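# Fold and geometry: a report
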Amino acid sequence: MRLDRIRLENFRQHESTELILGPGLTGIIGPNGSGKSTILEAIAWAIYGNAAARGKVDSIRFLRAPPRSSVRVEIDFSLGPHEFRVWRTLRDAELLKDGQPIANSLTAVTQQLTRLLGMSRQEFFNTYFTGQKDLAVMAAMGPTERGQFLSRLLGYERLRVAQERLRERRSELRGELGGLEAGLSNEEALVAERTSVESKLEEARASASTAARGRDEAKVALDAHDPVWREHEARRERALSLEGERRIAEAAVKVAQEEFQRLDRDLAVALKAREELAGLDAELAPMAEWRLELDSLDTAARAEGERRAWLAQRTELATQLESLDRRLEASEGAAKDLAAADVAAATAREASEAAGRALAERRTEWVRDRQDAETKRQALRDQYRDAKEQHDLLQELGPEGTCPTCQRPLGTHHAEVVALLERQLEEIEINGRFFARRVEQLEAEPPEVREADVARERAEAVSRDATERVATLKALLKELEALAAGRIEAGARLADLDAKLADGATPYDAARHEEVRRAVRGLEPVATRATQLRERAVRAEGLVTDAERAERELSARESRARELAESLRALGFDEAMFAAEREAHGLAREALTTAEVALAEARGHLVAAEERLAQVERREHERRERVARIAELRRQHRLHDELDRSFGDLRADLNAQVRPELSDVASTFLTGITDGRYGELLLDEQYRATILEDGVPKPVISGGEEDLANLALRLAISQLVADRAGQPLSLLVLDEIFGSLDEARRQLIVDLLRRLRDRFAQVILITHIESVRESLDRVVRVAYDAATGTSVVVDDAGPLPEGDDEDVAA
């Protein structure tokens, strides 16, 4: 893996930073707190997401970035023959391979990069990315954890995973084998059961044959009796049919007699009605004239009612017109009032908007002043903390100590540096108290902001009143338009009613109307009775004809009833003989049914026996298959046992090879770092490191020597991983690894890193030590600008920004 370009946007204190990296030994140099390690954190965040960031996700965004500003990290890198680009924001991410997208979400990008690199975040940063605090990562682990850590890094963990899966499959085979063996049926019991079932099958076949013969004999007997029975059944059906027809004929004779008697009575009533009708015609003679006069009077009464309704409508319309005229006169000035109200509303609206702008400006100034005071107070707190730490450290070291930054003896400069730091602390305290009071003053809204807010509310109230006045006048004008249209419509209706009332009225005599109505009502019952009698009289002639026809039909039905009675006697049907024959036929059919039931039962026993035999044969077949499956499972189980032992032996061999190889590589690195003083670094079976001096173990070593041993071991791990990786991982990033090393040891480490170019073509060294810059291929400087609160990154083409030299950092 080779890093080509890194771009940070609003990532912590890096507002806009871009680094173009190349092969060789690159140094990123700057004082503590300038943002060097933040670049390493940004690389981790772009690859592995929020899990690789320090603190909460909300703290990633640059503090002074505008609201809703984007946080973005973009990295271009090479991996094998392919070029990759990954960018990540707080909400999205994308990974491109040779310019083509291959993942486009936060989770998918992290998973894809983890697969490409073949390492988890922790494993990646425990091998190729390392800092001084992380050098002793293996020393902090237990013996088992150290072995598992190396196995995962070198790919041997895949053997353990494969072995676990193999053991799971072996357990499955063992369980399946036990279940099959437990459910294996007894072969002797199956043979005995088959013999018993075959014997019962022969018995069922014999019973079925006997039942079939009995059924055939019963059917022959029934077939012989069927013709006699059918003849008796046919005679009985004929007798029942004749009896039914005779009864129907007798009923028809009775109905014809009743119809003839009814027609005779109706004829007598019709002749009597004809005589009564002659007396009513004289009484109904004036009825026609009175009806004509009643129709004329009804027409005159309706005309009089319409005229009265028109008069009432005209009175109501006249009242409405007077009311509309009064309302229209009262609203003549509404249009002029609306124009004046529009002007007043526009003026009030402009005043309200002006007041709102004034409030926004004053509130913006107040918020800006408060945020600026809070930012400066926080910056002073950070400065005070850093200065206090340096002051306390120098006090503890004393004049005989060495500068923790430049590693030079303090000597006579100790008091000057301490005094300088005390003056800085005092100045920071004064400024901090000032800005603390300033923050308290700006906590509440200033009077001018509250006054502007009150003025805005007043202007808005005036604007709302003026707007409501305009809306009221507009509604009034619309109402006046509707009233004018209603005035025109009401006038037209009034003119129409006057035209109708101008026509002459038809004369109407109410007393005569009532007199004629009573006379007509008095004769209506007489007219109704006459109508009924007239209908009866008209029916008299038709009734004579109907009576003659009914008499002829009665004679014909009586003749048919006598004929049917004679035919029934001639048939000679005997109900007792029919009952005896029916009983004999029923016995024959019952015998056949019994025989068929016996045959069905025998056949059922036969089918059951055949099914039991089929079940036995199926169980025998299943037993043969299960025996074959058991043999196959036993073979597979033996194979998995052999594979488990083989995997265990292979893992033991590989682990046995790793430790001496890792010791040899680490010893080579340690020799180079210590300029040959220590020539060997041994790892025991629990991967604990021991330094040998002239072949003798050195039980007690200093903190610097321990850092050297840990660095050599970490470089050895990285080299072994690179040698065993399926793709060339040529990157090595070291963050503040010099620790308490002296100048000579630092130079030896740099020379060693330069010699590692054949293994790690790209080495990035992050440090605050200025003295190593001359030995690097390229230097990138990082400084912190307190005025803007941002990190400034520049190539080493000019001097370090003012105030960032090594002495001030110390």
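Just above sits the structure.
All of the points below concern the structure found in this document. (Residues numbered from 1 in each chain as written. Predicted model: local features only at pLDDT ≥ 70, side-chain atom pairs only at ≥ 80, totals over all residues. Heavy atoms only, no water.)

## Brief notes about the overall build of the protein chain
- Of regular secondary structure, the protein chain possesses 15 helices and 15 strands.
- Looking at the protein chain as a whole, 37% of its 810 residues are labelled buried.
- Nonlocal contacts in the protein chain, meaning residues at least 24 apart in sequence, comprise 75% of its contacts between residues at least 6 apart. (Helix = DSSP H or I, 4+ residues; strand = E, 2+ residues; numbered from the N terminus. Buried < 20%, exposed > 50% of the residue type's maximum accessible area, 1.4 Å probe, protein only. Contact = heavy atoms within 4.5 Å.)

## A few points about the pairing of strand β1 (residues 2-11)
- For β1, the tally of buried residues reaches seven of 10 residues, placing the bulk of the element in the interior.
- Note that β1 and strand β4 (residues 72-79) share seven bridges and pair antiparallel. For R5, the partnering residue across the bridge sits in β4 and is D76.
- Of the pairings in the sheet, the one linking β1 to strand β2 (residues 14-20) comprises six bridges and is antiparallel in character. From the neighbouring strand, I6 faces β2, where its bridge partner is L19.
- Here β1 hands over to β2 after two residues, with R12 in that stretch at a positive phi of 50 degrees. (Pairing = 2+ DSSP bridges.)

## Thoughts on the pairing of strand β14 (residues 778-785)
- Pairing between strand β3 (residues 24-29) and β14: four bridges, direction parallel. In the sheet register, I29 faces β14, and the bridge partner there is R781.
- Relative to strand β15 (residues 790-795), β14 is paired through six bridges, and the arrangement is antiparallel. Note on β15: the bridge partner recorded for Y784 is S791.
- Taking the residues that link successive antiparallel strands as the turn, the β14-β15 hairpin has four residues, and the phi of G789 there is positive, at about 70 degrees.

## A look at the sheet that holds strand β7 (residues 100-103)
- With respect to topology, six strands assemble into an open sheet ordered β2-β1-β4-β5-β6-β7, the strand pairing being antiparallel. Looking at strand neighbours, the two that pair on one side only are β2 and β7, the edges of this open sheet. Within this sheet the neighbouring strands show an average axis-to-axis angle of 20 degrees, counted without direction.
- The strands touched by helix α1 (residues 36-48) are β1, β2, β4 and β5 (82-89); relative to β1, the strand with the most contacts, the crossing angle is about 100 degrees. (Axes fitted to C-alpha atoms, helices over the stretch in contact; angles between N-to-C directions.)

## With respect to the packing of aromatic side chains
- In the structure shown here, the tally under the stated rule is three aromatic pairs.
- With a centroid separation of 5.3 Å and an interplanar angle of 10 degrees, the aromatic rings of F77 and F84 are classed as stacked.
- Judged by relative accessible area, which is 2%, F77 ranks as buried.
- Classification of F84 by relative accessible area gives buried; the value is 5%.
- The ring of F11 is capped by R12, whose NZ or CZ atom sits 5.9 Å from the centre of that ring.
- A cation over a ring is seen here: R370 above W366, with NZ or CZ 4.7 Å from the ring centre. (Phe/Tyr/Trp six-rings, centres within 6.5 Å; stacked < 30°, edge-to-face > 60°. Lys NZ or Arg CZ within 6 Å of the ring centre and 35° of its normal.)

## Considering the environment of F760
- Within the element layout of this structure, F760 appears in the loop between α14 (743-755) and β13 (762-767).
- Judged by relative accessible area, F760 falls into the buried class, the value being 1%.
- In this structure, the C-alpha to C-alpha distance between F760 and Y128, residues 632 residues apart in sequence, is 9.7 Å.

## A short note on the pattern of salt bridges
- The full count for this structure, using the stated rule, is 35 salt bridges.
- Linking R7 and E18 is a salt bridge whose minimum nitrogen-to-oxygen distance equals 3.8 Å. Of this pair, R7 sits in strand β1 while E18 sits in strand β2, placing them 11 residues apart in sequence.
- Classification of R7 as partly exposed rests on a relative accessible area of 27%.
- With a shortest N-O distance of 2.7 Å, R85 and D76 are connected by a salt bridge.
- According to the relative accessible area criterion, D76 is buried, its value standing at 13%.
- Salt bridges linked by common partners bring R5, R7, E18, R72, E74, D76 and R85 together as one network. (Salt bridge = Lys/Arg side-chain N within 4 Å of Asp/Glu carboxyl O.)

## A closer look at the packing of helix α12 (residues 575-673) against α14
- With their axes 8 Å apart at the nearest point, α12 and α14 run at an angle of 130 degrees to one another. On the basis of the axis angle, α12 is oblique to α14. Across from F669, G672 and I673 in α12, the residues of α14 making contact are R745, L748, I749, L752 and R755.
- Considering only residue class, the contact of α12 with α14 consists of five nonpolar, one polar and two charged. (Parallel < 35°, antiparallel > 145°, perpendicular 65-115°, else oblique. Nonpolar A, V, L, I, M, F, W, Y, C, P; charged D, E, K, R; others polar.)

## Regarding helix α2 (residues 106-117)
- A rise of 1.5 Å per residue sets the reference length of α2, with its 12 residues, at 16 Å; its end C-alpha atoms lie 17 Å apart and thus fit the reference within 8%.
- What α2 keeps buried is the set V109, T110, Q112, L113, L116 and L117. Taken down its axis, α2 places every buried residue within 165 degrees of arc, on the same side. More than 90 degrees from the buried face of α2, the exposed residues found are T107 and R115. (Expected span 1.5 Å × (residues − 1). Arc of directions from axis to C-beta.)

## So, α14
- When the terminal C-alpha atoms of α14 are compared, their 19 Å separation across 13 residues agrees well with the 18 Å that a helix rising 1.5 Å per residue should span.
- For α14, the full list of buried residues reads R745, R746, L748, I749, V750, L752 and L753.

## Quick look at the environment of L554
- Among the structural elements, L554 can be located in helix α11 (residues 510-571).
- Distance from L554 to F260, taken between C-alpha atoms, is 8.2 Å for residues 294 residues apart in sequence.
- The contacts of L554, once residues within four sequence positions are left out, are V253, A256 and Q257.

## Quick notes on a negative patch on the surface
- Among the surface-exposed residues, E361, E365, D369, E448 and E451 lie close enough to one another that they form a single negatively charged patch.
- Listing elements by their share of the negative patch, those giving two or more residues are α8 (334-397) and α10 (447-502).
- Broken down by element, the negative patch gets its largest block of residues, three residues, from α8.
- Mapped onto the secondary structure, D369 falls in helix α8.
- The exposure class assigned to D369 is partly exposed, which follows from its relative accessible area of 34%. (Patch = residues over 30% accessible without salt bridge, like charges linked within 9 Å, V, L, I, M, F, W, Y side chains within 5 Å. Areas by Shrake-Rupley, 256 points an atom, 1.4 Å probe, with all protein chains shown as cover. Lys, Arg positive; Asp, Glu negative; His and termini not counted. Charge placed at Lys NZ, Arg CZ, Asp CG, Glu CD.)

## Describing the side chain of D76
- Topologically, D76 is positioned in strand β4.
- Within the local environment of D76, its side chain forms a polar contact with the side chain of R85, the two groups lying 2.7 Å apart.
- If we skip the residues at most four places from it in the chain, D76 touches R2, L3, D4, R5, F84 and R85. (Polar contact = N/O pair within 3.5 Å; in protein donor to acceptor, adjacent residues only side chain to side chain.)

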